[in-house]
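# An overview of the molecular structure
So you can see what is in the structure, the chains are spelled out below.
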Amino acid sequence: MNILFFTLILLLGAYLAGLAGSLTGLGGGVVIIPLLTLGFHVDIRYAIGAALVASIATSSGSASAYVKEGITNVRLGMFLEIATTTGAVIGAILAIYTPVNIVAILFGVMLIFSAAMTLRKKHETALTEGSKLSYALKLNSSYPTREGIVDYKLKNIGGGFSIMTIAGVLSGLLGIGSGALKVLAMDSAMRVPFRVSTTTSNFMVGVTAAASAVVYLQRGYIDPGIAFPVIIGVLAGAFTGAKLLMKINVKWLKIIFCAAITLIAINMIYNGIQHKF
Amino acid sequence: MEKIKKVTDRDIQQLIGQVLRYGVLISGAVAIIGGIWYLFQHGSAIPHYTTFNGEPAGYTSLNGILKGLGQGSATEIIQLGVVILIATPILRIVFSLLAFILEKDKLYVLITLIVLSIILFSMFGGLKI
């Protein structure tokens, strides 16, 4: 297999990863790591570098549209980025001391958790009374829906902030966006309405991933030969996904995709335990 | 001369959207140019990714990348695209900072500065090891 062939297959794989990631809301990074390690036997450290790049590409690409629509809560995102970037830096430091097979096992566990989170029922109701801190930090806001502008208030800011720190650590350690944990923090703890929490989470992924990507770039995890098909493929896939999302019902697609990544996750965990990385 | 427009959240959102969009488009374009050139130069070689060697200095520091660009090396053009991509969300923070300053939101100027310092620490803090 020469580089031309490798590049073309990787381009196709990254395109499908970006497409699936944007249709299901899981992001491009989660599919890139198993694709590279299990599919191409690429060392997991190169895969992590590529996944970080893919996460930044999908986040920035789709956030540009959501932010303009006014759904994203920019203040909330900025405030919680203190937690996620701190976590990401800790994760990037921990990565030096974590054996690669442990990284693979953690990644598998995270993948299963992400799949479960995607299928979980979400609450869309907005709180009318927020906690003291939510007012002090100006985190309460409003967002446009079909029925007009909806106001919402937040609670349990401390709880959300703590989960965000963990999301950041995992993002820095595994090279993924940790979108599922970010949504958990906002949706379950702080009671941010679902549409706002998904778009704000996506908005934050870019900054979180950038915080650890600057370290990984200097460590030599990001290889140009892998990075360029991944960036182009994931971006094109995410773009197609965003267009398709308006037209098709993704319910079944989500179930199939979640079943598929659960199998991949088990594979990653098994290989991790067998020290195959 | 009282026509100085008050900066609103809406303006900030539009600006952030633009920064993200152009950052991604430019980095994608640079990566495509470097990538096609790379395939011309190395397309028939064999990939070596099963073992991790770490990348040479040319790909891991801005100086190295700029030097490679001067020599017309395709891999460094791709890395420039990667650097632009990583810089995009960081630039987004810088623009948010300016916007919060114009909006006179002291609390969020402080919060944004904290986030920016963490990223700068990550960049220059010698975490590379």
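Sequence order sets the numbering: in each chain, residues are counted from 1 along the sequence as written. Going through the entries in the order they are written, you letter the chains from A and number the ligands from 1. Reporting in this predicted model follows two pLDDT cut-offs: at least 70 for local features of residues, and 80 or more for side-chain atom pairs to be given and counted; totals over whole chains, interfaces and linings ignore these cut-offs and use all residues.

### Here's the deal with helix α5 (residues 100-119) of chain A
Residues and elements named next belong to chain A. The helix and strand labels rest on DSSP assignments: H or I over at least four residues marks a helix, E over at least two residues marks a strand, and numbering proceeds from the N terminus. Between the first and last residue of a helix there are one fewer steps than residues, each counted as 1.5 Å, and that sum is the expected span. Taking 1.5 Å of rise per residue, the 20 residues of α5 would be expected to cover 28 Å, and the 29 Å separating its terminal C-alpha atoms lies within 8% of that figure. Any residue surrounded by 20 or more other C-beta atoms within 10 Å of its C-beta is treated as buried, while 12 or fewer makes it exposed and the intermediate range makes it partly exposed; C-beta atoms here are placed from the backbone. For α5, the set of buried residues is V103, A104, F107, G108, M110, L111, S114 and A115. In the core, the buried residues of α5 are packed alongside α2 (29-40), α3 (44-69), α7 (157-174), α8 (179-189) and α11 (251-273). Contacts here follow a simple rule: the backbone-placed C-beta atoms of the two residues must lie within 7 Å.

### A few points about the interface of chain B and chain A
Contacts between chain B and chain A engage 58 residues on the former and 55 residues on the latter. Looking at the side of chain B that touches chain A, the elements that each hand over two or more residues are α1 (9-42), α2 (57-60), α4 (74-102) and α5 (106-124) of chain B. Among the elements that make up the side of chain B that touches chain A, the one with the highest residue count is α1(B) (18 residues). Here the residues of the side of chain B that touches chain A sort into 32 nonpolar, 23 polar and three charged. Think of it as three bins: nonpolar holds Ala, Val, Leu, Ile, Met, Phe, Trp, Tyr, Cys and Pro, charged holds Asp, Glu, Lys and Arg, and polar takes everything else, Gly as well.

### So, the UniProt feature "transmembrane region" (unreviewed entry) in chain B
Residues and elements named next belong to chain B. UniProt positions are given in the numbering used here, feature names are shortened, and annotations may be inferred rather than shown by experiment. What UniProt calls "transmembrane region" (unreviewed entry) maps, in this numbering, to residues 20-40, 77-100 and 107-127. The annotated region residues 20-40 carries 100% helix and 0% strand content, and the separation between its end C-alpha atoms amounts to 30 Å. With 100% helix and 0% strand, residues 77-100 has end C-alpha atoms that lie 34 Å from one another.

### Topic: the packing of α7(A) against helix α9 (residues 194-219) of chain A
Residues and elements named next belong to chain A. To get an axis, a line is fitted to the C-alpha atoms, and for a helix only the part in contact is used. The angle between two axes follows their N-to-C directions and goes from 0 to 180 degrees. Across the interface, α7 lies against α9 with an axial gap of 9 Å and an inter-helix angle of 45°. Between α7 and α9, the crossing angle belongs to the class labelled oblique. Read as a crossing pair, α7 and α9 show a hand that is right-handed. Facing α7, whose interface residues are G168, S171 and G172, α9 presents T208, A209 and S212. Angles below 35 degrees are treated as roughly parallel, those above 145 as roughly antiparallel, those between 65 and 115 as roughly perpendicular, and all remaining angles as oblique. Crossing handedness: left-handed means the near helix sits turned counterclockwise from the far one by under a right angle, and right-handed means the same turn made clockwise.

### A few points about unusual backbone geometry
Residue and element names in this part refer to chain A. The residue H41 is not glycine, and still its phi comes out positive at about 55°. With respect to the helices and strands, the residue H41 is situated in the loop between α2 and α3. Within the chain, N156 stands out as a residue other than glycine whose phi angle is a positive 50°. Residue placement: N156 occurs in the loop between β2 (148-152) and α7. Judged by local crowding, N156 falls into the partly exposed class, with 18 C-beta atoms found within 10 Å.

### What to know about the environment of A:I48
All names here are of chain A. Mapped onto the fold, I48 is located in helix α3. On the basis of neighbour count, I48 is assigned to the buried category, with 29 C-beta atoms found within 10 Å. Spatially, the C-alpha atoms of I48 and V103 are 9.9 Å apart, while their sequence positions differ by 55 residues. Ignoring sequence-local partners within four residues, the contact set of I48 consists of I33, L174, G175, Y216 and Y221.

### Let's talk about the UniProt feature "transmembrane region" (unreviewed entry) in chain A
Residues and elements named next belong to chain A. The UniProt entry lists residues 46-67, 161-181, 201-218, 225-246 and 252-273 under the feature "transmembrane region" (unreviewed entry), expressed in the numbering used here. From the first C-alpha to the last, residues 201-218 spans 26 Å; its make-up is 100% helix and 0% strand. The span residues 225-246 is 95% helical and 0% strand by assignment, and the distance between its end C-alpha atoms comes to 34 Å.

### Some points on the nonpolar core
Residue and element names in this part refer to chain A. Counting 126 residues, the largest nonpolar core has I32, A50, V53, V230 and I231 as its most contacted members. In terms of residues, this core owes the most to one element, α3, which gives 14 residues. Excluding its chain neighbours within four sequence positions, the residues that come into contact with A50 are I32, L36, I226, A227 and V230. Take the buried Ala, Val, Leu, Ile, Met, Phe, Trp, Tyr and Cys residues, join any whose C-beta atoms are within 7 Å, and the set you get is a nonpolar core.

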